[in-house]
Structures are given as C-alpha cells and as structure tokens.
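Examination of the molecular architecture
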Amino acid sequence: MAGATTDRERASTALPTSSPALVWAAAGVALFAVEAGALATFLAGMAADLLLFVPSLGPAQPAVEWLIGLFNAAQSTAQEVPTLLSRETIPNEGYWNGGRWVGTFLGLEPALAWAVRVALVYGYAFACAGWAMLGYRLYRREIRPTDWSPRDDIVDRFRSHTWGKFGLLVVFMFVVMAVFAPALGPTTVEQNMRQSYSHEFSYWNSDAGEVQTTLVGQANLESQSTGTESRVMPFTYDDYNRYHPFGTLPTGRDLFTFIATGSRISLVIGVLSVGLSALLAASLALVAAYYRGRVDLGMVLVSDAVMAMPQLLLLIMLTTVLADTWVGGIYSGAFVLALIFAGTGWTYMWRSVRGPALQVAQRQWVDAARSFGQKPRVIMRRHMLPYITGYLLIYGSMTLGGAIIAIAGLSFLGLGVSPPTPEWGRAINLGQDYVTTGSWHISLIPGILITVVVTGFNALGDGIRDAIDPQSDAEGGAAGRGGGA
C-alpha cells in the first residue's frame, strides 16, 4: 500500500495523470506537428546544399545530381505544408491603402504583426525547452531504476547558479534566433539582399494619395542609412511602409534580417570548429594518457608546434588558396574557417583535458580493465572518456564564445566568410564610417549582440564548471582564454 502511494505521489510530481509518459509523448508530437513542414524544408535544403559542393565523382556524378534533384523536390513539397510559425501564416509585409493596412496579419500594422510572430517563435521555443525539461523530470522520478545519480547533483547545483542560468538564457535565445532566422526577419534574404530587383511590392504614396508599386532594390536605394540626414533608425518605418526593428544598413537593406541570418553562420562555424576541436583533443588526450611516456611527449611537442604557428597568417593563406576550390565554396567559406579553427585551436582544449585524462588513467578501474584483457580503445571509450566529458563541456562552451569573436573579427577585416553572405562582423565593418553620425546603430547593435552572446557562452561555461566541480578554481587556465583566435 505504501509503495502504491509512493508511485502515485511520484506521478503527480511530473504530470497529473496515471499515464504521464503517454501525455508527454503526445505533447511532443503536437509540438513537432506545428513545425514539421519547416523542419523538413530545412533538412532537405541542407542536404541539397551539401551535395552541391561534392566534387566531381566521375561515374557517380549522375547519382549525385539525381539526389540533388530529389532533395530539391522534397524541399518544394515540404514548403507547401502549412506551419504555425511562418511569414505566410503571420505576414507582416503589407501596405497602407489610406484607411487600413492590407496584407498584414489581422490587418495589424507591420510592427505589431512582426512582434506577434517573434513572440510566438520564442514562445514555441520555450515550450519545447519546457517539454524537454519535463521529460527529464519524468525520466528521473518515474522511469529511471535508481533514485539518485551523480548527474542529479550536477543539475541541482546548476539550477542554483544564477550566472550560469543567465548564460543559458542568452545562449538559448541566440540559438533560437539562428534556427528560426527565416521566420524572425521582417523580410527575407532573397527579397531584401540577393534578388532585390526581382521582387516588387505595393506601398502607399502619401504625395500622390494612392497605392503604387516599386522594386525592393529601388526602395532600398532610398532607405539608406548614411549619416544624419539620410537614415532609417531602429523601430521605425521607411518611406515605403516597411518596418525595420534595427534600422537599415548603408545599402538600405534591413539590419535585423542581416543579423538574424548572420547568426546562423556564426553558430555553424562555432559549433563545427569546437566540435572538431573537442573530438581531436579528447582522442589525443586519451591516447597520450593511456600510453604515456614517449607518446605523451610526442603529443606535447606537436601541440607546441601547432601553438607556435601564426594563426592569422595561416587563416589568410588557407582562405586565399582554398577560395576557388569546392571546399572553399561550402557555405561561403564557413567550412574552411571551421576546419582552420579546429586545426589550430585543439591544442588549448587538449592541454585542458590532458591532466584529467592522466589522472583517470591511473585509477584502479582502468588497471582492472587492463588485467581483464580489454582492448585499449574500449578502455579509453568506456572507462576514461566519461571522466573528461565534463571538462570538454566546460572548455567547449567557453571556446565557442571565443570562436564567435574570431569569426566577427575576420569578417570585419574582410577575411573568412565571403560577401554578400551576412555576418555580424561585416555589419560592424559596414557601419564603421558612420559611428560618429546619426547612423550609429549600424555598428553599435551587432557589437552589443556579439558582446552579450560571448558573455553568455562564458557564463554558461562558468555555471557548468561550478556544477561539475564545486571546488574548481575560478582563475587561470585555458578557460580564462575563451578560445579566441
């Protein structure tokens, strides 16, 4: 009887039903269903884009072209599936006809229609995060066979870490911006940047007192922010009834759309470079710790040699050499940047996890595994890797912030991601001549966002570090460097 009461009490702590797992799964299906079309479009488009950069394979090339056509067809089909969070469902681009707004969501003015869509996007993202947290609580309290594990203490310590939770919130909002960039922007990249003279729209001409049409490119020319006299500031409309949350660029293009799309480039390069660095650093650290001796000494010499190379000079040389190759064309050079960052930045992460790897290599369970005849790769994967995973999370989150700064700095210098692909550093570069004029917003807004995002990644790393090891020293080490280039 007591056991049954305990089960009912546990069930009530997660979901108020006798079948909480079923309700949780149904909620997940509902959350996925409202954005299934957008997810399928994203995956099909990414697959087609990646196949475009596959080099000529001779006899296999027709098969590659067939796959590209298949994914493009799948993308076109998926775009026909209605989704809740799309500009077709909640449009913000419309015009004033002299009496009311036409073409916007529920006839609202473009600013309110755009705000409704942004609020729904972030509300959906927080709902997904809450669903994931509820699933973890459900697993922890009702499905997991044990009542406690060391991870419980780590999660509980992180929940009480205010600075870490601030970092998690900033990183979460940044990732949401990158994932939902097409829906968050008040306009699209194709209309506003890439093919502006191939799209036209209607607007209210107050001088003529009638609705007229014009090309997007022509409207951009008359909406440039190039000083005090000619500018479109944040949270204002231009002369063509278009709303600009962050104002416009010197070219007249929408700055918010530029930043939202550029966040994808920063996130992709950062995650790919840090992931490759973590994989390389963990593999080499485990090998060096397991075999020690000359192997460890050789790793130290190799890492010293890599750290001695001038990274900026290497970036300039490799981006120039690989610019016209199929590798350099992947995501406008973003893939090359990720490879260079990973190839030159793994040494800092390797030195950070080498010490913990050497410690765990001397533990009794590792000696016991050796005595039982387990293979070295099995020992390293099962008995050593879990011990250094926490350190990889700590230094990886901090290194990601440094990678974002490095990407922005290279784009500011005109290196790395090739134009016209949006990137935050390029926005700062475009506005540097107008910092002391009335168009100060062009450089200030992306600069503030870079600072906040990098601070968020560092704060998240601090929170993870303190949650994993409450006795850790907060000073020095590779963590303090942040992994910047």
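Everything discussed here concerns the structure shown above.
One structure accompanies this document, and this report is about it. (Residues numbered from 1 in each chain as written. Predicted model: local features only at pLDDT ≥ 70, side-chain atom pairs only at ≥ 80, totals over all residues. Heavy atoms only, no water.)

Points about the overall build of the protein chain
Convention followed: A run of H or I in DSSP counts as a helix once it spans at least four residues, and a run of E counts as a strand once it spans at least two, with each numbered from the N terminus. Partly exposed describes any residue whose relative accessible area lies between the buried limit of under 20% and the exposed limit of over 50%, with all areas from a 1.4 Å probe on protein chains only and scaled to the type maximum. Here, two residues are considered to be in contact whenever any of their heavy atoms come within 4.5 Å of each other. Reported accessibility uses the Shrake-Rupley method at a 1.4 Å probe radius. Residues are deemed covered only where the shown protein chains occlude them.
For the protein chain, the helix and strand inventory stands at 19 helices and 6 strands. Taking all 485 residues of the protein chain together, 43% fall into the buried category. By sequence separation, contacts in the protein chain at least 24 residues apart represent 69% of the contacts at least 6 residues apart. Counting only carbon and sulfur atoms, one obtains 64% of the accessible surface of the protein chain, whose full area is about 24600 Å².

A word on a positive patch on the surface
As a reminder, the rule being used: Like charges within 9 Å and nonpolar side chains (Val, Leu, Ile, Met, Phe, Trp, Tyr) within 5 Å are joined into patches, using only residues over 30% in relative accessible area that form no salt bridge. Put simply, a salt bridge is a Lys or Arg side-chain nitrogen that is within 4 Å of an Asp or Glu carboxyl oxygen. Only four residue types enter the charge count: Lys and Arg as positive, Asp and Glu as negative, with His and the chain ends excluded. By convention, the point assigned to a charge is CZ for Arg, NZ for Lys, CD for Glu and CG for Asp.
On the surface, Arg137, Arg141, Arg159 and Lys165 cluster together into a patch of positive charge. Its location among the elements puts Arg141 in helix α5 (residues 110-143).

Topic: the packing of aromatic side chains
The cut-off we apply is this: Ring pairs shown here join Phe, Tyr and Trp side chains whose ring centres sit within 6.5 Å, with only the six-membered ring taken for Trp; geometry is labelled stacked below 30 degrees between planes, edge-to-face above 60, and tilted in between. Think of it as a cone above the ring: NZ of Lys or CZ of Arg counts as a charge over the ring if it is within 6 Å of the ring centre and within 35 degrees of the ring normal.
Using the criterion set out here, one finds 18 aromatic pairs in the structure. Note on Trp114 and Tyr243: the rings are 5.9 Å apart at their centroids and 55° apart in plane angle, and the pair reads as tilted. Of this pair, Trp114 sits in helix α5 while Tyr243 sits in strand β6 (residues 243-244); the two residues are 129 residues apart in sequence, bridging distant segments of the chain. By relative accessible area, which is 10% here, Tyr243 ends up buried. Here a set of aromatic residues connected by ring pairs shows up, and it is made of Trp96, Trp101, Trp114, Tyr237, Tyr243, Phe246 and Phe256. The lysine or arginine in question, Arg370, covers the ring of Tyr290, its NZ or CZ lying 4.4 Å from the ring centre.

A few points about the side chain of Ser411
If you trace the backbone, Ser411 turns up in helix α16 (residues 376-412). Accessibility expressed as a relative area gives 1% for Ser411, which makes it buried. Non-local contacts of Ser411, meaning those with residues more than four positions away in its chain, are made with Val417, Glu423, Gly425, Arg426 and Asn429.

Side note on the packing of helix α15 (residues 364-371) against α16
The condition is simple: To define axes, lines are fitted to C-alpha atoms, for helices over the stretch in contact only, and angles between the resulting N-to-C directions are given on a 0 to 180 degree scale. Throughout this description, any angle smaller than 35 degrees is read as roughly parallel, any larger than 145 degrees as roughly antiparallel, any in the 65 to 115 degree range as roughly perpendicular, and the remainder as oblique. Definitions for this section: a left-handed crossing has its near helix turned counterclockwise from the far helix by less than a right angle. A right-handed crossing has that turn clockwise. Gly is placed with the polar residues, together with every amino acid not listed as nonpolar (Ala, Val, Leu, Ile, Met, Phe, Trp, Tyr, Cys and Pro) or charged (Asp, Glu, Lys and Arg).
The interhelical angle for the contact between α15 and α16, taken along N-to-C directions, is 155°, at an axis separation of 10 Å. Taken together, the axis directions place α15 and α16 in an arrangement best described as roughly antiparallel. When you trace α15 past α16, the crossing you get is right-handed. Between α15 and α16, the contacting residues are Trp365, Val366, Ala369 and Arg370 on the first element and Ile379, His383 and Met384 on the second. Within the contact of α15 with α16, the residues separate by chemical class into 5 nonpolar, 1 polar and 1 charged.

Topic: the nonpolar core
Buried together is how nonpolar side chains tend to be arranged in soluble globular proteins. For the record, the criterion: Only buried residues count toward a nonpolar core, which is a set of Ala, Val, Leu, Ile, Met, Phe, Trp, Tyr and Cys residues joined through side-chain atoms within 4.5 Å.
If you look at the biggest cluster of nonpolar residues, it comprises 74 residues, and the most contacted ones within it are Leu184, Trp350 and Met384. Looking at which element gives the most residues to this core, the answer is helix α11 (residues 255-291), with 16 residues. Apart from residues no more than four positions distant in its own chain, Met384 is found in contact with Leu286, Ala289, Tyr290, Ala357, Val360, Ala361, Val366 and Ile379. Judged by nonpolar contacts, the second largest core, of 13 residues, contains Leu337, Ile340, Phe341 and Ile407.

Considerations on the packing of α5 against helix α7 (residues 162-179)
For any two helices packed against each other, the geometry comes down to the angle between their axes and how far apart the axes lie. One way to put it is that α5 packs onto α7 with a least axis distance of 11 Å and a crossing angle of 120°. In terms of orientation, α5 lies oblique with respect to α7. When you trace α5 past α7, the crossing you get is right-handed. The segment α5 lies against α7, with Val121, Tyr122, Ala125, Phe126 and Ala129 engaging Leu169, Phe172, Met173, Val176 and Met177.

Here's the deal with the pattern of salt bridges
The full count for this structure, using the stated rule, is 8 salt bridges. Arg194 serves as the salt-bridge partner of Glu190, at 3.6 Å between the closest nitrogen and oxygen. On the criterion of helical spacing, the pair formed by Glu190 and Arg194 is a turn pair, its members being 4 residues apart in helix α9 (residues 189-194). As a salt-bridge pair, Arg354 and Asp296 come within 2.7 Å of each other at their nearest N and O atoms. Taken as a pair, Arg354 in helix α14 (residues 334-361) and Asp296 in helix α12 (residues 293-308) lie far apart in primary sequence, 58 residues in all. What makes Arg354 partly exposed here is its relative accessible area of 25%. Linked by salt bridges that have partners in common, Asp462, Arg465 and Asp466 make up one network.

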